Amino acid sequence: MAMHALTGVSLISLLSLGYLSWDWAKPSLLADGPGEASEQPSAAPPQPPHIIFILTDDQGYHDVGYHGSDIETPTLDRLAAEGVKLENYYIQPICTPSRSQLLTGRYQIHTGLQHSIIRPRQPNCLPLDQVTLPQKLQEAGYSTHMVGKWHLGFYRKECLPTRRGFDTFLGSLTGNVDYYTYDNCDGPGVCGFDLHEGESVAWGLSGQYSTMLYAQRVSHILASHSPRQPLFLYVAFQAVHTPLQSPREYLYRYRTMGNVARRKYAAMVTCMDEAVRNITWALKRYGFYNNSVIIFSSDNGGQTFSGGSNWPLRGRKGTYWEGGVRGLGFVHSPLLKRKRRTSRALVHITDWYPTLVGLAGGTASATDGLDGYDVWPAISEGRASPRTEILHNIDPLYNHARHGSLEGGFGIWNTAVQAAIRVGEWKLLTGDPGYGDWIPPQTLAAFPGSWWNLERMASARQAVWLFNISADPYEREDLAGQRPDVVRALLARLVDYNRTAIPVRYPAENPRAHPDFNGGAWGPWASDEEEEEEEEEEGRARSFSRGRRKKKCKICKLRSFFRKLNSRLMSHRI
């Protein structure tokens, strides 16, 4: 574009008015790769560093070029090759848990979000009494910005990103929206618009593909921000979550791919890869790159029913098999002391909180109640990881396994309860971990029916599994029967963790959350006064139950029944 022809208008004003389109920032018009923009002087970088955290949605373990995928991701491949690949990195199996643990540094059992996700109509959100990662970075002098998917609750204004530590926000509040119209339906007839800028509905931005819109907003932030002030950018792409939608030019690259879902999914991944390319280029153009730390992470395993692939790992999104919790991750930064390598250090998504606070010059002490560790020395210098175990989760509300029992857990743990833990090389699962198939990439239009049976597991009458993950990362050899001593030791660790768990918060859906009552958009619906009244009623009920024996109440029993029924229905829906 002939930018010099536009006299009297600054570049920043052009950006703020939205004149710079995706085509202007297209990689082919900028540079041949992340490392080929004009280099900045190699002066000693100031401290603290700019932090850019990029989170993708539902990207499978196999769905990146450097894991042997059939999907093109040249930007991610190059950034990872020049940085540190994290090949012993763990996340959570679904959206809300991963995001909550990233922003709080705490396991789900310590936030009350052990069960499922936060639904759009639930009066629930990230606990308001916990200091978030962006709030800690603000204390350290950072400017904080979020672009993309929130999915941590919004029923009150206090739950919104701009009230939880972010100076600015552009994105969606719910779990999935149309990539162009930003409509989201939480059941038949319960639909609303979900694109917000700050605390306002961004009606005027509808029609732009979200991956491109979010990359443009990141470029705008960088163009209007001074590199002298430390910056935290949290870029939570909607891609590559369903619905499967992609600009036509990316679909054309995969026109020979027979499986339609895989073809659309691949196009979305490649589009997201180019968005990351544009963000990297903008970091260099506006003077941020030399003093930056770029972290890339997926939020959970790929959804194999929607084109994703976790091959050769077992399981998929929503399960505690490795295909559900082993994450894609790498760190790219000029500040790394040992680059161009693969790290096998054990890292969990909770570790980013203390790690990034430490990089920012802040403090995250043990008194903060964090479950994460500062793993920067392990990533940057190749030292041993301070982490030796991971509690994947304990979910007392998930459907109990039919063949689990307290007796099966040596009398110390009910193996019907869904739980998973990793200690050293050992991984233990109890209850129902989810579907445990090994599913190859779905590149063909259709497989012969007999192919699926080659790797399909028969319904085992068991509720305990034990694997040596270091020796058997694909979870093919169950050692629970051979090593009862290890099973008992890991069950004891589950008992220890469970003693520290807070009650699960998974409230019934509120009909007042319907977008029709909010001008057709999803947004906060509960007032402060209503919330205070609700808390007072709960407090009075607890006091009454302690002081007196409860009278029999048919209505109370019905309420309890429907609450439990609602929880089960939501679990099945996930």
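Residues numbered from 1 in each chain as written. Predicted model: local features only at pLDDT ≥ 70, side-chain atom pairs only at ≥ 80, totals over all residues. Heavy atoms only, no water.

**Q** Explain the overall build of the chain to me, please; I cannot follow it from the model alone.
**A** Scanning the chain from terminus to terminus reveals 15 helices and 18 strands. By the burial criterion, 56% of the 574 residues in the chain qualify as buried. Taking as baseline every contact in the chain between residues at least 6 positions apart, the subset at least 24 positions apart corresponds to 75%. A total of about 24400 Å² of accessible surface is found on the chain, and carbon and sulfur atoms cover 52% of it. (Helix = DSSP H or I, 4+ residues; strand = E, 2+ residues; numbered from the N terminus. Buried < 20%, exposed > 50% of the residue type's maximum accessible area, 1.4 Å probe, protein only. Contact = heavy atoms within 4.5 Å. Areas by Shrake-Rupley, 256 points an atom, 1.4 Å probe, with all protein chains shown as cover.)

**Q** Teacher, can you tell me more about the nonpolar core here?
**A** One recurring pattern in soluble globular proteins is that nonpolar side chains are buried together. Of all hydrophobic cores here, the largest spans 56 residues; its most connected members are I54, L195, L222, F237 and M272. Sorting the residues of this core by element identifies strand 1 (50-56), helix 3 (74-82), helix 6 (210-223), strand 10 (231-236), helix 8 (260-285) and strand 11 (292-298) as the ones contributing at least two each. Counting residues per element, this core draws most heavily on helix 8, which supplies 13 residues. L195 has contacts with L170, G171, Y182, S200, V201, A202, L205, L213 and Y214, leaving out every residue within four places of it along the chain. Membership of the second largest hydrophobic core comes to 50 residues, among which are I91, I118, W150 and I379. (Core = buried A, V, L, I, M, F, W, Y, C linked by side-chain atoms within 4.5 Å.)

**Q** Mind showing me how you'd approach the side chain of R164 here?
**A** Tracing the sequence through the fold places R164 in the loop between strand 4 (143-149) and strand 5 (168-172). There is no salt bridge for the buried R164, and the closest opposite charge comes from D129, which lies 6.6 Å off by N-O distance. Reaching out from R164, the side chain makes a polar contact with the backbone oxygen of P127 at a distance of 3.0 Å. One polar contact links the side chain of R164 to the main-chain carbonyl oxygen of Q130, over a distance of 2.9 Å. With residues near it in sequence (within four places) discarded, R164 still touches L126, P127, L128, Q130, T132, P134, Q135, W150, E158 and C159. (Lys, Arg positive; Asp, Glu negative; His and termini not counted. Salt bridge = Lys/Arg side-chain N within 4 Å of Asp/Glu carboxyl O. Polar contact = N/O pair within 3.5 Å; in protein donor to acceptor, adjacent residues only side chain to side chain.)

**Q** Is there a simple way to think about the pattern of salt bridges in this case?
**A** Pairing between side chains of opposite charge can happen when their charged atoms approach one another. Taken as a whole and judged by the stated rule, the model has 25 salt bridges. Residue R99 pairs with D299 through a salt bridge whose shortest N-O separation is 3.0 Å. In this pair, R99 sits in helix 4 (residues 95-104) while D299 sits in the loop between strand 11 and helix 9 (322-325), placing the two residues 200 residues apart along the sequence. Taken as a pair, R99 and D299 share a single burial class, namely buried.

**Q** Can you help me understand the pairing of strand 16 (residues 418-423) in this one?
**A** Within a regular strand, side chains alternate between the sheet's two faces. Here strand 16 lies mainly inside the structure; five of its six residues are buried. Across six bridges, the pairing between strand 15 (residues 389-395) and strand 16 is antiparallel. In the sheet register, E389 faces strand 16, and the bridge partner there is V423. Once strand 16 ends, the chain turns through two residues before running back antiparallel as strand 17 (residues 426-430), passing G424 with a positive phi of about 60°. (Pairing = 2+ DSSP bridges.)

**Q** How should the packing of helix 6 against helix 8 be read in this particular structure?
**A** Pairs of packed helices are described in terms of their axes, by the angle between the two and the distance that separates them. Orientation of helix 6 relative to helix 8, taken along the N-to-C sense of each, is 5°, at an axis distance of 9 Å. Between helix 6 and helix 8, the angle is such that the two are roughly parallel. Of the residues in helix 8, those in contact with T211, M212, A215, V218, S219 and L222 of helix 6 are C271, M272, A275, N278, I279, A282 and L283. Grouping the amino acids of the contact of helix 6 with helix 8 by side-chain chemistry returns 10 nonpolar, three polar and no charged. (Axes fitted to C-alpha atoms, helices over the stretch in contact; angles between N-to-C directions. Parallel < 35°, antiparallel > 145°, perpendicular 65-115°, else oblique. Nonpolar A, V, L, I, M, F, W, Y, C, P; charged D, E, K, R; others polar.)

**Q** Where do I start with the state of the cysteines in this structure?
**A** As used here, a disulfide is simply a covalent bond connecting the sulfur atoms of two cysteines. The final tally for this structure, using the stated rule, is two disulfides. Between the sulfur of C125 and that of C159 lies a disulfide, 2.2 Å long from S to S. On the S-S bond that ties C125 to C159, the torsion sits near -55°, and the link is left-handed. Here C125, found in the loop between helix 4 and helix 5 (133-139), pairs with C159, found in the loop between strand 4 and strand 5; they are 34 residues apart in sequence, far enough to count as distant. Of the two residues, C125 and C159, neither departs from the other in class, the shared state being buried. Between the sulfur of C185 and that of C191 lies a disulfide, 1.9 Å long from S to S. Across the disulfide from C185 to C191, rotation about the S-S bond amounts to roughly 110°, and the bridge is consequently right-handed. The exposure class assigned to C191 is partly exposed, which follows from its relative accessible area of 30%. Across the chain, the disulfide pattern expressed with sequentially numbered bonded cysteines is 1-2, 3-4. (Disulfide = S-S within 2.5 Å.)

**Q** Explain helix 3 to me, please; I cannot follow it from the model alone.
**A** Each turn of an α-helix holds 3.6 residues, which means side chains three or four residues apart point in the same direction. All of the buried residues along helix 3 are T75, L76, L79 and A80. Down the axis of helix 3, the buried side of the element spans an arc of 120°, and every buried residue falls inside it. (Arc of directions from axis to C-beta.)

**Q** Looking at this structure, I do not really get the environment of M257. What am I missing?
**A** Along the chain, M257 turns up in the loop between helix 7 (248-253) and helix 8. Taking the C-alpha atoms as reference points, M257 and D70, 187 residues apart in sequence, are found 9.6 Å from one another.

**Q** I keep staring at the packing of aromatic side chains and nothing clicks. Help me out?
**A** The description of an aromatic ring pair rests on the distance of the ring centres and on the angle between the ring planes. Enumeration over the complete set of coordinates arrives at 16 aromatic pairs. Their ring planes at 75° and their centres at 5.9 Å tell us that F53 and W352 sit as a pair that is edge-to-face. With F53 in strand 1 and W352 in helix 10 (residues 352-359), this residue pair connects regions lying 299 residues apart in the sequence. Each member of the pair, F53 as well as W352, is classed as buried. For the pair F166 and Y234, a centre-to-centre distance of 6.0 Å together with 20° between the ring planes defines the contact as stacked. Remark: Y234 occurs in strand 10 and F166 occurs in the loop between strand 4 and strand 5; sequence separation between them is 68 residues. Judged by relative accessible area, Y234 falls into the buried class, the value being 1%. A network of ring pairs unites the aromatic residues F53, Y89, F166, F232, Y234 and W352 as a single cluster. Taking NZ or CZ as reference, K284 lies 4.5 Å from the ring centre of Y289, over its face. For R476, the ring lying beneath its charged end belongs to W438, and the centroid distance is 4.3 Å. (Phe/Tyr/Trp six-rings, centres within 6.5 Å; stacked < 30°, edge-to-face > 60°. Lys NZ or Arg CZ within 6 Å of the ring centre and 35° of its normal.)

**Q** How should I be thinking about the sheet that holds strand 16 in this particular structure?
**A** To summarise the sheet geometry, strands pair through backbone hydrogen bonds and adopt either a parallel or an antiparallel arrangement. Within the open sheet, the four strands sit side by side as 15-16-17-18. Their pairing is antiparallel. The open sheet has two free edges, formed respectively by strand 15 and strand 18 (464-468), since each of these has just one partner strand. Each neighbouring strand pair of the sheet contributes to a mean axis angle of 10°, computed without reference to strand direction. Against the sheet, helix 13 (residues 484-499) touches strand 15, strand 16, strand 17 and strand 18, its axis set at about 70° to strand 17.

**Q** Sorry if this is basic, but what is going on with the pairing of strand 1 here?
**A** Burial runs high along strand 1: seven of the seven residues are buried. In strand 1, alternate side chains face the same way, and those of H50, I52, I54 and T56 on one face and I51, F53 and L55 on the other are all buried. Pairing of strand 1 with strand 11, which is carried by seven bridges, proceeds in the parallel orientation. In the strand pairing of strand 11, F53 is matched with I295. In this structure, strand 1 lies alongside strand 10, joined through five bridges in parallel fashion. Bridged to I54 within strand 10 is V235.

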